[in-house]
Structures are given as C-alpha cells and as structure tokens.
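# Structural features, examined
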Amino acid sequence: MSIEMSQFYQVFFDEAEELLAEKEKLLLAIDVAAPDVEELNAIFRVAHSIKGGAATFGFSDMTEVTHMLESLLDRIRKGEMALTADHVDAFLAAKDVLKMQMDGHRHGEGTDRGAAEEVCQRLARLSHGAPAAPAAAPAPVAAAETAATAATAATAETPAGAAPFRIELPG
C-alpha cells in the first residue's frame, strides 16, 4: 500500500488556512475590555491545532511561533494576565507570520526569518508583562537644550518688524 504524503500536507495547509482565517475573525471581534472566555479558548485551540500539525510535518518555525502564542494565550485565558490591545495586535502579527511560513512550506519557498523572530520576541515581552515593543530611547537632553538655545538666539537676532520663523530638521 502506497501513501502519498503530499495529500496529508495539502490537508494540513487547507485546515491551517481555515484556522488562521477563523483566528483573525475572532481577534478582530473580541472585546478587549471584557473578552469572552469561549472566544479566548477558541483562539487558543487554533494555535494548538496548528502547532500540532506543524510539529507532525516538521515545520519547526511554525511550531515555535504557535508555542509562543499558546503560552501567552493560556495565561490570558486562565486569568493570570488581562487581555490588552497590544496582545491582540501581536496575535494578529503572529497570524500573518504563520501564514507567510505556511505559504513558504506549501510552495517550497523561503520565509522571512526576521519577521518570525520579531513576532516571537514581541510575544515573549508580552508574556513577561512588558510592552509589545521596546520603549524608544528618549532624545538626549543636550540635543534638546542646544535646539532650544539656537531657537532663542535666532529670535533675539531678528530685526524689528521682521517675522521670526524657525525651521527644525529631524535629528
């Protein structure tokens, strides 16, 4: 008896695509302030199902992303942390990465590993209670003071009757 493995791959890809569409629909409709437990469970099951199929076929990149998703979703659905808009945004970004990875496997093409790493780091930060993206570094105080001093000097040198103006360039 000969088994054509490509049939099994195709079933996985078709089901995963349907699951990702369902996940997106649930995420876009979820009430962040008062999420329905059943909706959270459904989103968790999507990640769990995709992870199982991906692991079965050896798609470790997809398994890594879905594992991160599962872990964070599990904490939220157990009430260990509250769902936030940052979570929903990160889950949607993970959905996009999973779709990209799945398409890569389906068509034998490469994928953007940087995007996958970025979404995994984002999910990891959120699971530790940190913001989804690292905080931007504040502008150095010296640069702000120099700009303020230059603006004051330019205004002081403006001849009487002339309209003072200032042009600021990004630093």
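Here, every reference points to the structure presented above.
Owing to the predicted nature of the structure, the values given are computational and were not obtained by experimental measurement.

## Thoughts on the overall build of the chain
Helices and strands together make up the secondary structure of the chain, namely 6 helices and 0 strands. Ordered by position from the N terminus, the helices and strands of the chain form the series α-α-α-α-α-α. By residue count, 31% of the 171 residues in the chain fall in the buried class. For the chain, the proportion of contacts with a sequence separation of at least 24, taken over those separated by at least 6, is 66%. Counting only carbon and sulfur atoms, one obtains 57% of the accessible surface of the chain, whose full area is about 10,700 Å².

## Observations regarding the packing of helix H2 (residues 37-56) against helix H3 (residues 60-77)
For the pair H2 and H3, interaxial distance at closest approach is 9 Å and the crossing angle is 155 degrees. Between H2 and H3, the angle is such that the two are roughly antiparallel. Seen along the crossing, H2 lies across H3 with a hand that is left-handed. Contacts between H2 and H3 involve Leu-40, Asn-41, Ile-43, Phe-44, Ala-47, His-48, Ile-50, Lys-51, Ala-54 and Ala-55 on the former and, on the latter, Met-62, Thr-63, Thr-66, His-67, Leu-69, Glu-70, Leu-73, Asp-74, Ile-76 and Arg-77.

## Details of the layout of surface pockets
If you add up the space inside the largest pocket, you get close to 210 Å³. Forming the boundary of the largest pocket are 14 residues, of which Asp-61, Glu-64, Gln-101, Arg-113 and Ala-116 lie nearest the centre. For the lining of the largest pocket, the secondary structure elements donating two or more residues are H3, helix H4 (85-107) and helix H5 (113-127). Along the lines of polarity and charge, the residues of the lining of the largest pocket split into 4 nonpolar, 5 polar and 5 charged.

## Notes on the nonpolar core
One finds Phe-12, Met-62 and Phe-91 to be the most contacted residues of the largest nonpolar core, which totals 39 residues. Considering each element in turn, this core owes the most residues, 9 residues, to H4. Here Met-62 is in contact with Phe-12, Ile-50, Ala-54, Leu-98, Gln-101, Met-102 and His-105, once residues within four sequence places are set aside.

## A short note on H2
Helix length check: H2, at 20 residues, gives a terminal C-alpha distance of 28 Å against a target of 28 Å (1.5 Å per residue), a fit within 8%. Among all positions of H2, only Leu-40, Asn-41, Ala-42, Ile-43, Phe-44, Val-46, Ala-47, Ile-50, Gly-53 and Ala-54 are buried. The inward-facing, buried residues of H2 contact helix H1 (5-29) and H3. For H2, the N-terminal cap is Asp-36; the gap from its side-chain oxygen to the backbone nitrogen of Glu-38 is 2.9 Å. Positive backbone phi, at 80 degrees, marks Gly-58, one or two positions downstream of H2.

## Quick look at the packing of aromatic side chains
Summed over the entire model, instances satisfying the criterion amount to 8 aromatic pairs. Note on Phe-12 and Phe-13: the rings are 5.6 Å apart at their centroids and 55 degrees apart in plane angle, and the pair reads as tilted. Overall, Phe-12 belongs to the buried group, its relative accessible area being 8%. An aromatic cluster of three or more residues is present, and its members are Tyr-9, Phe-12, Phe-13, Phe-57 and Phe-59. Positioned over the ring face of Phe-44 is Arg-77, at 3.6 Å from the centre of the ring.

## So, H1
In this model, H1 (25 residues) spans 37 Å end to end at C-alpha, consistent with the 36 Å of a helix rising 1.5 Å per residue. What H1 keeps buried is the set Phe-12, Phe-13, Ala-16, Leu-20, Lys-23, Leu-26 and Leu-27. At its buried positions, H1 is contacted by H2, H3 and H4.

## Focus: the packing of H1 against H4
Orientation of H1 relative to H4, taken along the N-to-C sense of each, is 165 degrees, at an axis distance of 10 Å. Regarding the angle of H1 to H4, the classification is roughly antiparallel. In the packing of H1 onto H4, the handedness of the crossing is left-handed. For the pair H1 and H4, the contacting residues are Gln-10, Phe-13, Asp-14, Ala-16, Glu-17, Leu-20, Lys-23, Glu-24, Leu-27 and Leu-28 in the first and Val-88, Phe-91, Leu-92, Ala-94, Lys-95, Leu-98, Lys-99, Met-102, His-105 and Arg-106 in the second.

Calculation criteria
Residues numbered from 1 in each chain as written. Predicted model: local features only at pLDDT ≥ 70, side-chain atom pairs only at ≥ 80, totals over all residues. Heavy atoms only, no water. Helix = DSSP H or I, 4+ residues; strand = E, 2+ residues; numbered from the N terminus. Buried < 20%, exposed > 50% of the residue type's maximum accessible area, 1.4 Å probe, protein only. Contact = heavy atoms within 4.5 Å. Areas by Shrake-Rupley, 256 points an atom, 1.4 Å probe, with all protein chains shown as cover. Axes fitted to C-alpha atoms, helices over the stretch in contact; angles between N-to-C directions. Parallel < 35°, antiparallel > 145°, perpendicular 65-115°, else oblique. Left-handed = near helix turned anticlockwise from the far one by under 90°. 1 Å grid on protein atoms, 1.4 Å probe; cavity = no way out; pocket = protein on both sides within 12 Å on 5 of 7 lines; lining within 4 Å. Points joined across faces, edges and corners; volume = space filled by probe spheres on them. Nonpolar A, V, L, I, M, F, W, Y, C, P; charged D, E, K, R; others polar. Core = buried A, V, L, I, M, F, W, Y, C linked by side-chain atoms within 4.5 Å. Expected span 1.5 Å × (residues − 1). Polar contact = N/O pair within 3.5 Å; in protein donor to acceptor, adjacent residues only side chain to side chain. Phe/Tyr/Trp six-rings, centres within 6.5 Å; stacked < 30°, edge-to-face > 60°. Lys NZ or Arg CZ within 6 Å of the ring centre and 35° of its normal.

Note that all results are geometric; they support no functional claim without further evidence.
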